[in-house]
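Structural characterization, general
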Amino acid sequence: MSKLQAVPNREQNEFYIERLQQLKKERNAIILAHYYMRPEVQAVADYIGDSFGLSQKARDTDADVILFCGVHFMAESAKILNPDKIVLMPDERSGCPMADMVTGDGLRKLKAEHPNATVVAYVNTSADVKAETDICCTSSNALKVIESVESDEIIWVPDKNLGHYVSQFTDKKMIIWQGYCNTHDLLTPEEVLELKAQYPDAPIVVHPECRPEVVALGDYVGSTTGILKFCAESNFEHYIVATEEGVRYMLEKDSPDKTFHFASRFMVCPNMKVHNVKKMVRALETMQPQIEVDPEVAAKAKRSLDRMLEVVPSKA
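The written sequence of each chain sets the order in which its residues are numbered from 1. Two thresholds apply to this predicted model, a pLDDT of at least 70 for residue-level local features and 80 or more for giving and counting side-chain atom pairs, whereas whole-chain, interface and lining totals are computed over all residues. By convention in this description, side-chain values take in all heavy atoms of the structure and omit both hydrogens and water.

Here's the deal with the sheet that holds strand β1 (residues 29-34)
With parallel pairing, the four strands of this open sheet are ordered in space as β2-β1-β3-β4. Each edge of the open sheet is held by one strand with a lone partner, namely β2 (47-49) and β4 (86-88). With direction set aside, neighbouring strand axes in the sheet form an average angle of 25°. Only when DSSP finds a minimum of two bridges between them are two strands counted as paired. By the criteria applied, helices consist of DSSP H or I runs no shorter than four residues and strands consist of E runs no shorter than two, each listed in order from the N terminus. Where β1 meets β2, three bridges bridge the pair, whose relative direction is parallel. Note that in β2 the partner of Leu-32 across the bridge is Tyr-47. Contacts between helix α4 (residues 51-60) and the sheet are confined to β1, β2 and β3 (65-69), with β1 contributing the most and set at about 170° to the helix. The criterion used for residue contact is that any of the two residues' heavy atoms lie within 4.5 Å. In this analysis an axis means a line fitted to C-alpha atoms, helices contributing only their contacting stretch, and an angle means the value between N-to-C directions, from 0 to 180 degrees. Running at roughly 155° to β3, helix α16 (residues 277-286) makes contact with β1, β3 and β4 of the sheet.

Details of unusual backbone geometry
Residues Val-157 and Pro-158 are joined by a peptide bond in cis, for which omega reads -10°. In this structure, Pro-158 sits in the loop between β7 (153-157) and α10 (160-167). In this model, Gln-288 is joined to Pro-289 through a cis peptide bond whose omega is -5°. With respect to the helices, strands and loops of the structure, Pro-289 is situated in the loop between α16 and α17 (295-311).

Some details on the pattern of salt bridges
Whenever Lys or Arg places a side-chain nitrogen within 4 Å of a carboxyl oxygen from Asp or Glu, that contact is recorded as a salt bridge. A full pass over the atoms with the stated rule returns 14 salt bridges. For the salt bridge of Asp-60 with Arg-59, the shortest nitrogen-to-oxygen distance reads 2.8 Å. Each residue's exposure class comes from its accessible area (1.4 Å probe, protein chains only) as a fraction of the maximum for that residue type: buried when under 20%, exposed when over 50%, partly exposed otherwise. Arg-59 sits in the partly exposed class, given a relative accessible area of 31%. Put simply, Lys-273 and Glu-245 hold a salt bridge, and the shortest N to O gap is 3.3 Å. With Lys-273 in the loop between β12 (259-262) and α16 and Glu-245 in the loop between β11 (238-242) and α15 (248-254), the pair connects residues that are 28 residues apart, well separated along the chain.

Points about the UniProt feature "binding site: iminosuccinate" (unreviewed entry) in the protein
UniProt positions are given in the numbering used here, feature names are shortened, and annotations may be inferred rather than shown by experiment. UniProt marks His-34, Ser-51, Tyr-122, Val-123, Asn-124, Ser-139, His-207, Pro-208, Glu-209 and Thr-224 with the feature "binding site: iminosuccinate" (unreviewed entry), using the numbering shown here. In this structure, the largest cavity is lined, among the annotated residues mentioned, by Ser-51 and Val-123. Mapped onto the fold, Ser-51 is located in helix α4. Ignoring anything within four residues of it in the chain, the contact list for Ser-51 reads His-34, Phe-73, Met-74, Val-123, Asn-124 and Thr-138. Tracing the sequence through the fold places Ser-139 in the loop between β6 (135-137) and α9 (142-148). With residues near it in sequence (within four places) discarded, Ser-139 still touches Tyr-122, Leu-162, His-207, Pro-208 and Ser-223. Each cavity reported here is a set of points on a 1 Å grid over the protein atoms alone in which a 1.4 Å probe fits but cannot get out, each pocket an open set with protein on both sides within 12 Å along at least five of seven lines, and each lining residue one with an atom within 4 Å of a point.

See below:
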């Protein structure tokens, strides 16, 4: 019988947290968690961040083991940046539908049609796609990355909504792949305006993965980290928040005296929510499941990630 099976249900929560701290020391492990994780996962993480911050932390850590609480492409990126480290995911079923909307084969065909274009890929992509990419970006640094490349023609994959938003601030021709985030793309302007009618003085903060007509309503548009910073530093009592609901944990932690109204109760990423503390303990006990990337693919993909981190070396 495993240690987990031997613990009564009423004591499990405290046991898992205590056991997790013990295993972290034994394994010399670091826990990285995305802002969309369950609150209990964020509470025990060593670092909580968006895709860009997590990429930086994965690159810079001196831990031997990275326990990555995010979706699969994020853990893949951690492995690409740290080929000699062990990268674990509590539940390897945590995928990203948007990342699955573009493939290496599909991108190669598009590149053949536009041989002079530079490929800029949102980090929400698989290692195979990153291997076909010139440089990666995140929502926090997309414009800086696009402006850093010499080409006047950009192939952008995979998020059409973020691509549309960025295209408004550059003169470069953007060939935009028609992918999208299932969670953010659900939100409608009507839902946002209904809340605005209830809280007319509340600023609308929007993630650019939302539809263009939703983004157009935003008083502030930015990455998850940007949204957190805006809400923490401004002086409004109420905020209308148009992004995944997991951000509530850090919003309320940073600003306990403010009230956050999420634009839709359906803005929940089910893939992010499959991780929990019990699975985190099991992963460190068994050292499974481990994330592996083909070395040849990883070497090509690493170049695109490294170029992004060189263009924007500090958190945007």
